[in-house]
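Coordinate analysis (summary)
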Amino acid sequence: MALILKILIYSYLCAGVQCVHQMPWLPCKFTDEHVFSNKEGHTETELIHREAMLQFGQKGDAPVNPQAITFLVTGSKLDLRRYVEGVEAEHLECELRRYSTEGIHVRWPVQGPSEYNRWFSCTLKHSKGLSTVIGFLRHPSDQPPSGQQDYRSWSAIADREILTTSVVMVMKTQSPSVKAGLGSQQKLHCQFAIDHKGPNMTVEWYWQYRGERNRLFSHTSRSGQTHGTGVGLKSLAGGDASYTLPFTKMSSEGTYICSVSVMPLFSSLDITLQIEEAPRVSLNIGPTLSLQEGGEQKVVCDAEGYYPLDVNIVWHVQDPALAGQRVGAPLPKVLDNILLSSHRHNQDKTYSLSAFFYLQASLRNSGKQFTCSVSHKSLRVPIRKSFILTVEEPSSWMFTLTVGFIVLVLLVILYVMLSFLNQARKQSVQKKPY
């Protein structure tokens with residue numbers, strides 16, 4: 001039902017492709033939380049998925065969908081739509097959650113009589129993983145905090161309630177997942193914006209991999225203290241907290257965490273860096289191979305220097321003339337007598353593998369094309385290396401040469417034997433008495 005409603009509203013507002021910055025609303029999933037103590041006295045959290053709308057406008061606007069919870073985002077110095085500008089609305093996944101300040105109360109520097117706040121986070125993810133945006137929504141309240149953890153005393157939200165909010169802080173990355181080759185320079189994108197000047201903020205970068213976690217960079221605006229490198233302070237002043245890796249190594253792989261803290265808000269973005277090194281593929285023979293019928297040749301296809309481990313090597317054979325046909329061309333025949341070496345570990349922690357077979361020359365295979373195809377996750381299409389086999393019959397001159405050689409050997413043997421017999425006869429005559 002929610003999907004049908006979404007499509008109908010899209011059809012109403014869109015003529016062609018409609019982008020987010022042109023739309024006054026966005027359907028969202030509101031993940032509500034119910035915190036309670038179980039029978040053993042332990043705290044448990046029940047997640048409740050509710051239908052909601054993120055609607056941009058002015059206070060008092062009627063809800064676009066009266067059947068859903070409406071988060072009405074009114075004007076402020078930050079426009080959340082600007083951070084997803086140019087993205088087709090159908091490619092955005094929107095999720096709203098309550099945000100806990102862990103009992104910390106800090107007055108946000110805004111004008112107005114409402115000193116207290118209820119906080120919500122809004123996450124906008126590109127469905128193809130191209131970007132992630134996190135915005136904090138402030139809902140003003142006259143009710144002071146209860147003095148305990150706020151998640152224990154959250155007020156209920158009705159199914160059709162309208163919550164008037166404003167965006168006070170935004171974080172964005174255009175690279176939630178990065179694939180890099182060895183020795184490349186990578187810039188991990190992270191930007192942020194806050195709705196007031198001179199905030200007391202802390203920006204940090206961490207690297208995390210297989211349980212290990214290291215701090216790469218930190219900067220605190222109040223003290224001016226900076227630890228680590230990789231982020232330009234001039235860029236940081238303009239909201240650009242991107243981190244630069246000057247030279248990627250195998251040890252660079254992992255999750256990079258960009259975090260911004262402005263009390264009582266804390267937000268972080270995870271950026272995954274994966275090392276992918278494409279294999280170098282080669283054959284131990286040239287583009288053509290000539291053999292006599294019955295001859296044998298070991299043919300080796302080497303895939304070297306790839307990462308990660310998984311690679312697939314396939315040998316197949318086909319008639320190159322038929323392969324050029326667009327329609328009705330037979331599929332290449334996969335060779336099943338292929339032997340694989342074990343994975344070899346290189347010094348730079350990449351891998352190598354060989355796939356080989358022993359080619360028995362036959363006239364029926366003369367003119368056939370043999371192709372080694374190597375697939376790996378770093379490749380959009382497989383790498384292919386081929387050679388053409390030419391098989392020759394034993395020629396008549398070779399037969400004549402062979403027979404002549406045999407005759408010559410027999411003549412030499414006969415000559416040696418006659419010489420030996422003649423020498424023996426002479427010795428026998430000399431020994432006779434007169």
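Numbers given to residues run from 1 along each chain, matching the order in which its sequence is written. Two thresholds apply to this predicted model, a pLDDT of at least 70 for residue-level local features and 80 or more for giving and counting side-chain atom pairs, whereas whole-chain, interface and lining totals are computed over all residues. Excluding hydrogens and water, the side-chain values take into account all heavy atoms of the structure.

**Notes on the overall build of the chain**
- By the criteria applied, helices consist of DSSP H or I runs no shorter than four residues and strands consist of E runs no shorter than two, each listed in order from the N terminus. Assigned secondary structure in the chain consists of four helices and 26 strands.
- For every residue, the accessible area obtained with a 1.4 Å probe (protein chains only) is divided by the maximum for its type, and the residue is called buried under 20%, exposed over 50%, and partly exposed between those limits. Per-residue burial over the chain gives 39% buried out of 434 residues.
- Restricting the contact set of the chain to residue pairs at least 6 apart, pairs at least 24 apart contribute 64%.
- A total of about 25,500 Å² of accessible surface is found on the chain, and carbon and sulfur atoms cover 53% of it. Here, two residues are considered to be in contact whenever any of their heavy atoms come within 4.5 Å of each other. Accessibility throughout is a Shrake-Rupley quantity obtained with a 1.4 Å probe, and a residue counts as covered only by protein chains that appear here.

**Observations regarding the sheet that holds strand 16 (residues 265-275)**
- Strand pairing follows a simple DSSP-based rule, namely that at least 2 bridges must link the two strands. Taken in spatial order, the six strands of this open sheet run 8-16-15-11-12-13, and their pairing is mixed. Of all strands in the sheet, those with a lone pairing partner are strand 8 (177-180) and strand 13 (226-228), marking the two edges. Geometrically, the sheet is characterised by an average inter-axis angle of 20 degrees between neighbouring strands, direction not taken into account. Each axis is a line fitted through C-alpha atoms, taken for helices only over the stretch in contact, and angles between the N-to-C directions span 0 to 180 degrees.

**With respect to the pattern of salt bridges**
- Whenever a carboxyl oxygen of Asp or Glu lies within 4 Å of a side-chain nitrogen of Lys or Arg, that contact is scored as a salt bridge. The full count for this structure, using the stated rule, is eight salt bridges.
- Here aspartate 32 ties to arginine 98 by a salt bridge, and the two come within 2.6 Å at their closest N and O atoms. Of this pair, aspartate 32 sits in strand 1 (residues 25-37) while arginine 98 is found in strand 4 (residues 92-98), placing the two residues 66 residues apart along the sequence.
- The shortest N-O distance in the salt bridge between arginine 97 and glutamate 33 comes to 3.7 Å.

**Brief notes about the nonpolar core**
- Residues Met169, Leu188, Phe192, Trp205, Ala241, Tyr256 and Leu265 are the most contacted members of the largest nonpolar core, which totals 32 residues.
- Listing elements by their share of this core, those giving two or more residues are strand 6 (132-141), strand 7 (162-173), strand 8, strand 10 (191-194), strand 11 (201-209), strand 14 (243-245), strand 15 (254-262) and strand 16.
- Filtering out sequence-adjacent residues up to four positions away, alanine 241 remains in contact with Cys190, Gln191, Phe192, Val203, Trp205, Val231, Leu236 and Cys258.
- Grouping buried Ala, Val, Leu, Ile, Met, Phe, Trp, Tyr and Cys residues that are joined through side-chain atoms within 4.5 Å yields what is termed a nonpolar core. Membership of the second largest hydrophobic core comes to 29 residues, among which are Val299, Leu335, Ala361 and Leu389.

**Points about the sheet that holds strand 20 (residues 312-318)**
- Reading across the sheet, the five strands line up as 18-26-25-20-21 and stay open at both edges, with mixed pairing between neighbours. Bordering the open sheet on either side are strand 18 (288-292) and strand 21 (333-334), each of which pairs with just one other strand.
- Two strands pair when backbone bridges link them, and strand 20 and strand 25 (residues 369-375) are joined in this way by seven bridges, in the antiparallel orientation. Bridge pairing in strand 25 links tryptophan 315 to cysteine 372.

**Considerations on unusual backbone geometry**
- Here the residue pair methionine 263 and proline 264 is connected by a cis peptide bond, since its omega of 5 degrees sits within 30 degrees of zero.
- When you line up the elements, proline 264 lands in the loop between strand 15 and strand 16.
- The amide bond that connects tyrosine 307 to the next residue, proline 308, takes the cis arrangement and shows omega of 0 degrees.
- By the secondary structure assignment, proline 308 is in the loop between strand 19 (296-306) and strand 20.

**A word on the side chain of threonine 371**
- Its location among the elements puts threonine 371 in strand 25.
- Given a relative accessible area of 3%, threonine 371 falls into the buried group.
- Apart from residues lying up to four places away in sequence, threonine 371 is in contact with Val314, Trp315, His316, Arg384, Lys385 and Ser386.

**A closer look at the side chain of aspartate 195**
- Tracing the sequence through the fold places aspartate 195 in the loop between strand 10 and strand 11.
- At a separation of 2.9 Å, a polar atom in the side chain of aspartate 195 contacts the side chain of histidine 196.
- Those residues in contact with aspartate 195 that sit more than four places away from it in its chain are Lys77, Leu78, Trp108, Val110, Val167 and Val168. Counted as a polar contact is a pair of N or O atoms within 3.5 Å, where, for protein atoms, one must be capable of donating a hydrogen and the other of accepting one, and residues adjacent in sequence contribute only when both atoms are in side chains.

**Points about the state of the cysteines**
- The term disulfide is used for any two cysteine sulfur atoms that are within 2.5 Å. Evaluated as defined, the whole model comprises three disulfides.
- Bridging cysteine 301 to cysteine 372, the disulfide has an S-S length of 2.0 Å. Across the disulfide from cysteine 301 to cysteine 372, rotation about the S-S bond amounts to roughly -75 degrees, and the bridge is consequently left-handed. Pair noted here: cysteine 301 is in strand 19 and cysteine 372 is in strand 25, with a separation of 71 residues, a long-range link.
- Looking at cysteine 301, the relative accessible area reads 0%, which means it is buried.
- The connectivity of the disulfide bonds within the chain can be written as 1-2, 3-4, 5-6, using the sequence rank of each bonded cysteine.

**As for the confidence of the model for the chain**
- The predicted model of the chain averages 86 in pLDDT, with 88% of residues at 70 or higher.
- pLDDT measures how confident the predictor is about each residue, on a scale from 0 to 100. Taken element by element, the predicted model of the chain shows its lowest mean pLDDT in helix 1 (residues 2-13) (45) and its highest in strand 15 (97).

**A word on the packing of aromatic side chains**
- Aromatic rings from Phe, Tyr and Trp, with only the six-membered ring used for Trp, were paired whenever their centres fell within 6.5 Å, and each pair was classed as stacked if the ring planes differed by under 30 degrees, edge-to-face if by over 60, and tilted otherwise. Across all of its chains, the model carries 15 aromatic pairs by this definition.
- Consider the rings of tyrosine 307 and tyrosine 351, whose centres lie 6.2 Å apart with planes at 10 degrees: the pair is stacked. In this pair, tyrosine 307 is assigned in the loop between strand 19 and strand 20 and tyrosine 351 in strand 24 (residues 351-360), connecting sequence segments 44 residues apart.
- Each residue in the set Trp315, Phe357, Phe370 and Phe387 is aromatic and connected to the rest through ring pairs, giving one cluster.

**Brief notes about the pairing of strand 11**
- Sheet topology places strand 11 next to strand 15; eight bridges connect them, and they run antiparallel. Bridging from a neighbouring strand, tyrosine 206 pairs with isoleucine 257 of strand 15.
- For strand 11 and strand 12 (residues 212-220), the ladder comprises eight bridges, and the chain directions are antiparallel. Counted as the bridge partner of glutamate 204 is serine 218 from strand 12.
- Connecting strand 11 to the next strand, strand 12, in antiparallel fashion are two residues, including arginine 210 with a positive phi near 50 degrees.

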